[in-house]
Structures are given as C-alpha cells and as structure tokens.
Amino acid sequence: MTDDLRYESVLPNATYAPWLADADFQAAFAQIRDHTLVDHFRCYELWQLVEQALRLPGDMIEVGVWRGGTGCLMARRAQLLGSPAKMVLCDTFAGVVKAGRKDGAYRGGEHADTSLETVRALAGAMGLANIETLTGIFPEDTGDKVADRTFSLCHIDVDVYQSGLDVLEWVWPRMPVGGIVIYDDYGFATCDGITRLVNERYVHDGAVTLHNLNGHAVVIKTAGAKPFWKRLLGR
Ligand SMILES: C[S@@+](CC[C@H](N)C(=O)[O-])C[C@H]1O[C@@H](n2cnc3c(N)ncnc32)[C@H](O)[C@@H]1O
C-alpha cells in the first residue's frame, strides 16, 4: 500500500442505522457524549465489538481515554452483558505524546484538557464498577501493572504513529486468537500517522484487517499469528 494518502468524503448508500433502535446504546451514549470526541457511528461499532470480544477470555484495554467517553461506553456494554471482564483505561491525562515525522498535524500535548478525576466522575455517575485506570505513558510507565493479563479487545485512540505502534506491540502477544484491536482515527487527515501505521501493518502475519470507511481500522488476531520477535528473526 502506498504512503501517498488521498482523501474523499465518504457518502454511504446504505442507510441501515441499528443504533436508533438500541435503547441501551442510546441511554449510554447520552451519558458519554459530552466526554468523547468519537461520533455515534464509531461508538456503536465499539458497542457491538465489545459483545463479540467478551466471548473470549480476558479483560479489555483502551489507550487514549481523554475524558472517558468511549472507555465508559464499552464498560457499560460489558456491565449490561454481565461480564466479569474489566475495562482498563490508560492515559497520560497530560495529552498526546510521541508525535513525530510520520504525523502531519500532531505536535504533542494535544487533548490535555482532562483529568483522572473527570474520568472517575463519569464512571461513578454511570455506576461502573468494572473500570481500572492507569495514569502515565503506556506502555512504558504503566504497562507492567497489567503485563500478566490477557486482553480480548484493545481500543487504540492515541492519534499518532509511534504510540499506536508501541501499544500494538505490547498488547498483541497478550491477546487470544479472535482478539480485536480497534484503531480510532484511521483515515482521518489529522491522524495520518495512524493511517500509515495500519497500512504498514495490515499484511502482518496472523491478522485480518478491516479498513472501515467510518474512521476505524479493525484488526482481528487469527490462529496464524506469530510473536513479533519470531517475525523479526524471520522464523
Ligand atoms: C483523542 S484522545 C482520546 C479520545 C477518547 N477515546 C474519547 O472518547 O474521545 C487521545 C488521548 O490519547 C492519550 N495518549 C496518547 N498517547 C498516549 C500514550 N502513549 N499513553 C497514554 N495516553 C496516551 C492522550 O493523552 C489523549 O487523552
């Protein structure tokens, strides 16, 4: 796939809108909508993917929480399904880090207008007892606190290439076959580093990558997946 990124507004012909008939989703989205940068199309996709991921063993993890909107939405879905899985929410709460040459718009420090207390208040208002929070750069500062866990779902909403890559490499060996990675911002002109990362990685061993048109790339781990170190050594 070329690095020559081109853009066009996507105008879908299909109009099926299941979120309109989903009262639980509507109620949850109303609670989180002022705490998220993510539109209801992508939020509904997260809502549906949580149900599928929770058929697998393990917890769920989000890196890139900001004010807690998508994280609490996914935790609500798990709560409604009666799942014992925890939702681990990871953020610096001091803004974006690791912006670099592959990122056209981000410089670092964006989205610092939040706090751990903001997220905890939202979770409290929603009655969510299934979230855990980790403050710091992930994975370097906080990954060791959950390094012995398995994750059936990972939501990567970090905006820039290097953070996205570091999260993926950390979580991939901790996911079962069938585990789901969702990259937010895939295809957004302001987050070209994420598009570049997915485009570079989409043919990697043991993964099926869905390039959605809504601003998500969804990666599903298959039985052919090899650990990264084996791939690096060519085995
Ligand atoms: C676009 S916001 C997340 C939006 C959120 N998911 C929502 O519902 O609107 C991106 C967040 O990623 C965080 N972030 C970026 N890279 C990170 C990293 N390596 N570790 C922890 N947090 C990171 C930033 O602090 C920022 O809050």
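Just so it is clear, the structure is predicted and the values come from calculations on it, not from any experiment.

Moving on to the pattern of salt bridges. If charged atoms from side chains of opposite charge come close, those side chains can pair. Across all of its chains, the model carries 11 salt bridges by this definition. Of the charged contacts in the structure, one is a salt bridge between D4 and R6, with a shortest N-O distance of 2.7 Å. Here D4 falls in the partly exposed class, since its relative accessible area comes to 40%. In this structure R6 comes out as exposed when scored by relative accessible area, which is 68%. Here K98 ties to E140 by a salt bridge, and the two come within 2.7 Å at their closest N and O atoms. Here the residue K98 occupies a position in the loop between strand 2 (87-91) and helix 4 (116-125), and E140 occupies one in the loop between strand 3 (131-135) and strand 4 (151-156), the gap between them amounting to 42 residues. In this structure, a network of salt bridges that share partners links the residues D39, R42 and D184.

The next point concerns the nonpolar core. Judged by nonpolar contacts, the single largest core of 37 residues is most densely connected at F25, I32 and L153. Here this core gets seven residues from one element, more than from any other, and that element is helix 2 (residues 40-53). Leaving out residues up to four positions away in the same chain, F25 has contacts with W19, H40, C43, Y44, W47 and L73. Counting 32 residues, the second-largest nonpolar core is a separate cluster that includes Y106, F138, I156 and Y186.

The end-to-end C-alpha separation of helix 2 is 20 Å, in line with the 20 Å expected for 14 residues at 1.5 Å each. Three or more residues of helix 2 are buried, namely R42, C43, Y44, E45, L46, W47, L49, V50 and A53. Elements that come into contact with the buried residues of helix 2 comprise helix 1 (23-32), strand 1 (59-63), helix 3 (69-80), strand 4, strand 5 (180-184) and strand 7 (216-221). Two to three positions downstream of the cap, the backbone nitrogen of F41 sits 3.0 Å from a side-chain oxygen, assigning the N-cap of helix 2 to D39.

Relative to each other, helix 5 (residues 161-171) and helix 6 (residues 192-201) sit at 45°, their axes nearing to 8 Å. Considering their axes alone, helix 5 and helix 6 lie oblique with respect to each other. Crossing hand, helix 5 versus helix 6: right-handed. Side by side, helix 5 and helix 6 meet where Y161, G164, L165, L168 and E169 of the first sit next to G193, I194, R196, L197, E200 and R201 of the second.

Surrounding the ligand, one finds 22 residues, the nearest of these being T36, L37, G64, D91 and D157. A distance of 3.0 Å separates an oxygen atom of the ligand from a polar atom in the side chain of T92. For the ligand, an oxygen atom lies 3.0 Å from a polar atom in the backbone of G95. Protein chains bury 99% of the 610 Å² of accessible surface belonging to the ligand in isolation. Looking at the shell around the ligand, the elements that each hand over two or more residues are strand 1 and helix 3.

Here we take up the pairing of strand 1. With respect to burial, strand 1 is a largely interior element, five of its five residues being buried. Residues D59, I61 and V63 of strand 1 are buried on one face, and the alternating residues M60 and E62, pointing to the opposite face, are buried as well. In this sheet, strand 4 lies alongside strand 1 in parallel orientation, the contact comprising five bridges. By the bridge assignment, D59 is partnered in strand 4 with F151. Relative to strand 2, strand 1 is paired through four bridges, and the arrangement is parallel. From the neighbouring strand, I61 faces strand 2, where its bridge partner is V88.

Parameters and conventions
Residues numbered from 1 in each chain as written. Predicted model: local features only at pLDDT ≥ 70, side-chain atom pairs only at ≥ 80, totals over all residues. Heavy atoms only, no water. Salt bridge = Lys/Arg side-chain N within 4 Å of Asp/Glu carboxyl O. Buried < 20%, exposed > 50% of the residue type's maximum accessible area, 1.4 Å probe, protein only. Helix = DSSP H or I, 4+ residues; strand = E, 2+ residues; numbered from the N terminus. Core = buried A, V, L, I, M, F, W, Y, C linked by side-chain atoms within 4.5 Å. Contact = heavy atoms within 4.5 Å. Expected span 1.5 Å × (residues − 1). Polar contact = N/O pair within 3.5 Å; in protein donor to acceptor, adjacent residues only side chain to side chain. Axes fitted to C-alpha atoms, helices over the stretch in contact; angles between N-to-C directions. Parallel < 35°, antiparallel > 145°, perpendicular 65-115°, else oblique. Left-handed = near helix turned anticlockwise from the far one by under 90°. Near = heavy atom within 4 Å. Areas by Shrake-Rupley, 256 points an atom, 1.4 Å probe, with all protein chains shown as cover. Pairing = 2+ DSSP bridges.

Nothing here speaks to function; it is all geometry.
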